[in-house]
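Understanding the architecture of this molecule
Read off the chains here:
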Amino acid sequence: MASDAMTIRTAEATGRPWVEILHEWVTTVDHKRLGILYITYALVFLVIGGIEAMIIRIQLMYPHFNFVSPQVFNRLFTMHGTTMIFFVAMPVLFGFANYLVPLMVGARDMAFPRLNAFSFWLSAFGGFLLYFSLVGGSGLYGAGTAPDVGWWAYAPLTARAFSPGHSSDYWTIAVLVSGFGSIGTAINIIATILCMRCPGMTLGRMPLLAWLNLVMGGMVLITISPLAAAQIMLLIDRYLGGHFFDTQAGGSAAIWMHFFWIFGHPEVYILIIPCFAFMSEIVPVFSRKPIFGYPVMVGATVCIGFVSLSVWAHHMFTIGMGSYANGFFAITSMVVGVPTGIKIFNWLGTMWGGKIQFKTAMLFCIGFLFQFLIAGLTGIMLASAPFDWQLSLSYFVVAHFHYVIVGGILFALFAAFYYWYPKITGRMLSESLGKLHFWLFFAGFHLTFDLMHIPGLLGMPRRIYTYEPGRGWDTLNFLVSIGAFVQGIAILVFVANLVVSYFKGAKAGNDPWDAWTLEWLVSSPPPAYNFASIPTVASRRPLWDLKHPEDPDSRYE
Amino acid sequence: MSQPTAFGAESVRVHSSFIRMTKARYNSRSKVFLGRAVGALTLLTGVLLAAALCTASEPQASSVPSIFDSRSTPADSIRHFSFFVLSITGVIFLVVFTLLTYAIVKFRDKSGDRGREPAQVYGSTQIELAWTVIPILIVAVLFAATARVIHAIEDAPKPSTALEVTVIGHQFWWEFRYPALAIVTANELHIPVSDPDHPTPTFLKLLSSDTDHSFWIPQLAGKTDLIPNRVNGTWLDPHETGLFLGQCAQYCGTQHAKMLLRVSVDGPEAFEAWVKAQKQPPVQDEKETAGRRVFETTACVNCHAVGGTNANGRFGPDLTHLMSRETIASGAAENNREKLRLWIQDPDAIKPGSLMPAMKLSDNDLDALVRYLETLR
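This one's a predicted model, so the numbers in the text were calculated from it and none came from an experiment. (Residues numbered from 1 in each chain as written. Chains lettered and ligands numbered in written order. Predicted model: local features only at pLDDT ≥ 70, side-chain atom pairs only at ≥ 80, totals over all residues.)

Across its full length, chain B carries 10 helices and 12 strands. Counting over 377 residues, chain B shows a buried share of 41%. When contacts within chain B are restricted to residue pairs at least 6 apart in sequence, long-range pairs at least 24 apart make up 65% of them. (Helix = DSSP H or I, 4+ residues; strand = E, 2+ residues; numbered from the N terminus. Buried ≥ 20, exposed ≤ 12 C-beta atoms within 10 Å, placed from the backbone. Contact = placed C-beta atoms within 7 Å.)

This is the structure in structure tokens:
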């Protein structure tokens, strides 16, 4: 294996001046370091976005509560949404893709290391710019700094007439710039997967994580472009006298909605597909069985990729598109449930007949399965256009997409953290703290988001800074807030686990989970340039073949 | 509100028992998962029960604007349709939930035979085909039902007896115009009850003067957005009289939360009487000339209109029959002397961020102005 001189570890760096270490990290083009930078950056924003959520929940604990003003509340939900989507979910998933894809396809780095670094710093700059608005701009009439137009920034609320000052510009440019970063990373992921695979790794032998990230990369390329176009058009409206979305001058508010959601809906799949990828790696290892129906899993993912590009207007059932358009988007939205269902069944098939080990990573995977099932079913309700006329824009929708993003994406991400942390740091995360984290978060999640559906059914719209007493929403909102605090505590346990285990965790060794993909072949953390000699593979599970020479997978594929 | 408290409390109970269960059995691996499964199941049953409770509410118009407590044809169709969708998704949930729970309990790693890997199964074409085809059939059924309800609501013909009202969304209040009756009012929509034998539905034309808004009275119909530079429509045919509550559902700016909406469904006589009162020429009480002078000589007239005076502003609500309304500030406060006074003096005290400016009047002028406004019946 690689010599010690080749390995790069921050622990070894102690003793060197910190400026040198900082310089090394800032100028790095190493995929592993950039992966860690992406993930750390996302975790910082996760805490910021989480604090925003806590303040929102305090304000909504009681009707007519005055914890924050409406102006501040509107900024909080705008910043919370924008932060969580663009500066937490996207970068953390890109971070894992960056770290894992080259290792899993047997490559020494990403295809374009410099583009990789450039993309990261663009995204990082976007996040910085968004928060610089706190000192840099003023928002809606009478409101102070930071964007307050909602994370969809619907026209014409963003027109200069309604949003003077620069807060909307900070939002626009921050999202635009980080979007360019996302496009760069997507190109890199696609090129790495298509061109850098090790000998023997045909497309049909790629780990599912690589397949799913390939689909994700393709979707990013297709959908970030209309978003970028819309942001540029908005800037033209605001500064160059354009009238694309300026309804006072004959522009169209609906066209912004189309532009935004043709990005916005596939975005959900851009976020969830890498999480499907984590599931497809972790569930088999802890069930001690190969993934059930590999070709169908690939097919279903590609199918989701395509179909999800034609469902966006189900976010717009209430804007009066007419019965034919509503019917079309209702059926496409329902159809996307079919390949998604296939995935759930295939994970079930993977566990069926296996020997399931309930490590923390697997607990989060199981939580994901149940919660994603429910999120999918409430999704079917929302796809049924007439039902959506009642549910849309209400707290039911807020509960639904948090079920997807927290119950699905975040649970899968936690699974990924517990599973790959040993590879990234060389130390195991504490299982007991991990289980505490899981159960606390699980309880808090269900207290918050199960109950949150009900105020929506009782007529509570989203994005209101306060509500009237006596409409049946009071008790529910109080309990929802309590659940949010429980989740907050669970996140603190998680962060504590990350920090404590980094210093005190048990040594991981190369392959703590007895897993089957190439990243477990190398040391933990992996040496610089990953592989001293590029491996050759003969099946989807090269390490299984190594460990079971008498019964290798390559015999059956 | 006994009803929401009841199901709120039930949810707490479900949760605490769930947490207890998981704690007590933490030591035994298999039981943790049984406990977890049972806990999750109880939890979900609790949620479903709670949802069911909302459907079984008492007949008179309640102040809980539940979508399951429908009182008008579009809302009824959606409610029936939602039960259909809920039962299909409920069955799917039960089947998959059972399978997942079974797999977790049955196939857990039993200590003792470590080291031996289970049978390596790579897939099964028949099974995978089955769980592809069955969902496709379910989607077909769901879509057929969806298309039927979309058509029934969105393409409903307008009968000649229908009342037409134009709704104009403003930051942060509602303007209602009855073109055939020459009535302009704000925030409190009055419509006639619709007898199924002689239907008198109300057809709303939805416009916006500034940003997007959304018209939503959960008990009467699903929501429809009001979008500037675009004409939308919806309709209501309430079968019962009463007051129905709702509010703007599309984020429209700082005070989106207090853009409340009240719909009063009146019996035929009551509606006639209301129309008659609204059509009366405005009475100018001679005793309140001082207050009228304040009104006509300050910025009030730039935004508000009062019939028979030089005030014809259209930026704020029409005040000709102000005192016929129960609330001010789009439902944010009761319409009484004290609140009127506060609203004129310091709107931010009632609705921070609303576009009504603080008028900064002297106490004398303010009192006179409020007395004058109270004559606008």
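Next, the rest of the story.
To continue, consider the overall build of chain A. Each helix and strand counted, chain A has 16 helices and zero strands in total. Compactness check: chain A gives a C-alpha radius of gyration of 23 Å against a globular reference of 24 Å for 557 residues, within 12% of the reference. Here the C-alpha coordinates of chain A stretch approximately 70 × 55 × 40 Å along the principal axes. Counting all 557 residues of chain A, 63% fall into the buried class. If you take every contact in chain A between residues at least 6 apart in sequence, the share linking residues at least 24 apart comes to 80%. (Rg over C-alpha atoms; globule rule 2.2 N^0.38 Å.)

All names here are of chain B. Taken in spatial order, the five strands of this open sheet run β3-β2-β1-β5-β8, and their pairing is mixed. Of all strands in the sheet, those with a lone pairing partner are β3 (183-186) and β8 (232-236), marking the two edges. Pairwise comparison of adjacent strand axes, ignoring direction, gives a mean angle of 25 degrees for this sheet. Inspection of the sheet shows strand β1 (residues 163-170) paired to strand β5 (residues 202-208) by seven bridges, in the parallel sense. Counted as the bridge partner of T166 is K205 from β5. (Pairing = 2+ DSSP bridges. Axes fitted to C-alpha atoms, helices over the stretch in contact; angles between N-to-C directions.)

Glancing now at the sheet that holds strand β10 (residues 260-266) of chain B. Residues and elements named next belong to chain B. The strand order across the open sheet built from three strands is β4-β10-β9, with neighbouring strands paired in mixed fashion. The outermost strands of the open sheet, each flanked by one partner alone, are β4 (188-192) and β9 (242-247). Within the sheet, the average angular offset between the axes of one strand and its neighbour, ignoring direction, is 25 degrees. Pairing geometry for β4 and β10, over five bridges, is parallel. In the strand pairing of β10, H190 is matched with S264.

Let us look at unusual backbone geometry. Excluding glycine, residues mostly carry a negative phi; peptide bonds, for their part, are mostly trans. At the junction of A155 of chain A and P156 of chain A, the peptide bond is cis and its omega measures out at 0 degrees in the coordinates. The topology assignment puts P156 of chain A in the loop between α4 (113-136) and α5 (167-195). For the bond from Q171 of chain B to F172 of chain B, the omega torsion is 0 degrees, close enough to zero to count as cis. Even without being glycine, R463 of chain A reaches a positive phi, approximately 60 degrees. Accessibility expressed as a C-beta count within 10 Å gives 20 for R463 of chain A, which makes it buried.

Turning our attention to the packing of helix α9 (residues 323-335) of chain A against helix α4 (residues 125-154) of chain B. Any two packed helices are characterised by how steeply their axes cross, that is the angle between the axes, and by the distance between the axes. With their axes 10 Å apart at the nearest point, α9 of chain A and α4 of chain B run at an angle of 160 degrees to one another. By the angle class used here, α9 of chain A and α4 of chain B are roughly antiparallel. Both α9 of chain A and α4 of chain B take part in a crossing whose hand is right-handed. Residues S323, N326, G327, A330, I331, M334 and V335 of chain A of α9 of chain A lie in contact with α4 of chain B, whose contacting residues are V139, L142, F143, T146, A147, I150, H151 and E154 of chain B. Each residue belonging to the contact of α9 of chain A with α4 of chain B can be placed in one class, and the counts come to nine nonpolar, five polar and one charged. (Parallel < 35°, antiparallel > 145°, perpendicular 65-115°, else oblique. Left-handed = near helix turned anticlockwise from the far one by under 90°. Nonpolar A, V, L, I, M, F, W, Y, C, P; charged D, E, K, R; others polar.)

Okay, the interface of chain A and chain B next. Taken together, the contact pairs 92 residues of chain A with 90 residues of chain B. The residue makeup of the side of chain A that touches chain B, split by class, is 55 nonpolar, 31 polar and six charged.

This brings us to the confidence of the model for chain B. It should be kept in mind that the predicted coordinates are not to be read in detail where pLDDT is low. Residue and element names in this part refer to chain B. Counting all residues, the mean pLDDT for chain B is 86, and 82% of those residues have values of 70 or more. For the stretch residues 1-34, pLDDT sits under 50, and the model shows 55 contacts to residues farther than four places along the chain or on other chains. Confidence drops under a pLDDT of 50 for residues 52-61, and excluding neighbours within four residues, the segment shows 19 contacts in the predicted structure. If you check the scores for this complex, the pTM reads 0.90 and the ipTM reads 0.92. (pLDDT = per-residue confidence, 0-100.)

Residues and elements named next belong to chain A. At their nearest, the axes of helix α10 (residues 337-351) and helix α11 (residues 360-383) sit 11 Å apart, and the two run at 160 degrees to each other. As summarised for this structure, α10 and α11 are arranged roughly antiparallel, according to the angle between their axes. Note that α10 runs across α11; the crossing there is left-handed. Two secondary-structure elements touch here, α10 through G337, T340, I344 and W347 and α11 through L369, F372, L373, G376, G379 and I380.

In terms of nonpolar packing, the biggest core is built from 270 residues, with M279, I282, F364, C365, I409, A412 and A415 of chain A touching the most fellow members. Those residues in contact with M279 of chain A that sit more than four places away from it in its chain are W347, C365, F368 and A412 of chain A. (Core = buried A, V, L, I, M, F, W, Y, C linked by C-beta atoms within 7 Å.)

Moving on to the environment of W121 of chain A. If you trace the backbone, W121 of chain A turns up in helix α4. A C-alpha to C-alpha distance of 7.7 Å links W121 of chain A and G181 of chain A, two positions 60 residues apart in sequence.

Time to look at the pairing of β1 of chain B. Residue and element names in this part refer to chain B. With respect to burial, β1 is a largely interior element, six of its eight residues being buried. Looking at chain direction, β1 and strand β2 (residues 173-178) are connected through five bridges and run antiparallel. Bridge pairing in β2 links H170 to W173. Linking β1 to β2, which pair antiparallel, is a turn of two residues.

The next subject is the pairing of β5 of chain B. All names here are of chain B. Burial of the side chains of β5 is restricted to one face: T202, L204, L206 and S208 are buried, whereas none of F203, K205 and L207 on the reverse face is. In this sheet, β8 lies alongside β5 in antiparallel orientation, the contact comprising five bridges. Residue pairing in the sheet places F203 in a bridge with W235 of β8.

The end-to-end C-alpha distance of α5 of chain A is 42 Å, a good match for the 42 Å that 29 residues give at a rise of 1.5 Å each. Most of α5 of chain A sits inside the fold, with 21 of its 29 residues counted as buried. (Expected span 1.5 Å × (residues − 1).)

This brings us to the environment of T82 of chain A. All names here are of chain A. For T82, the position within the fold is in helix α3 (residues 70-104). Since 26 C-beta atoms lie within 10 Å of it, T82 is described here as buried. Along the chain, T82 and V175 lie 93 residues apart, while their C-alpha atoms are 8.3 Å from each other. With residues near it in sequence (within four places) discarded, T82 still touches L130, W151 and W171.

Moving on, we come to the confidence of the model for chain A. Here chain A shows a mean pLDDT of 93. Residues at 70 or above account for 96%. The low-confidence segment residues 1-8 of chain A (pLDDT under 50) makes 10 contacts with residues lying over four places distant or belonging to another chain.

Moving on to the environment of G90 of chain B. Residues and elements named next belong to chain B. The residue G90 is located in helix α3 (residues 73-106) in this model. For G90, a count of 14 C-beta atoms within 10 Å gives the class partly exposed. For G90 and A103, which are 13 residues apart along the polypeptide, the C-alpha to C-alpha distance reads 20 Å.

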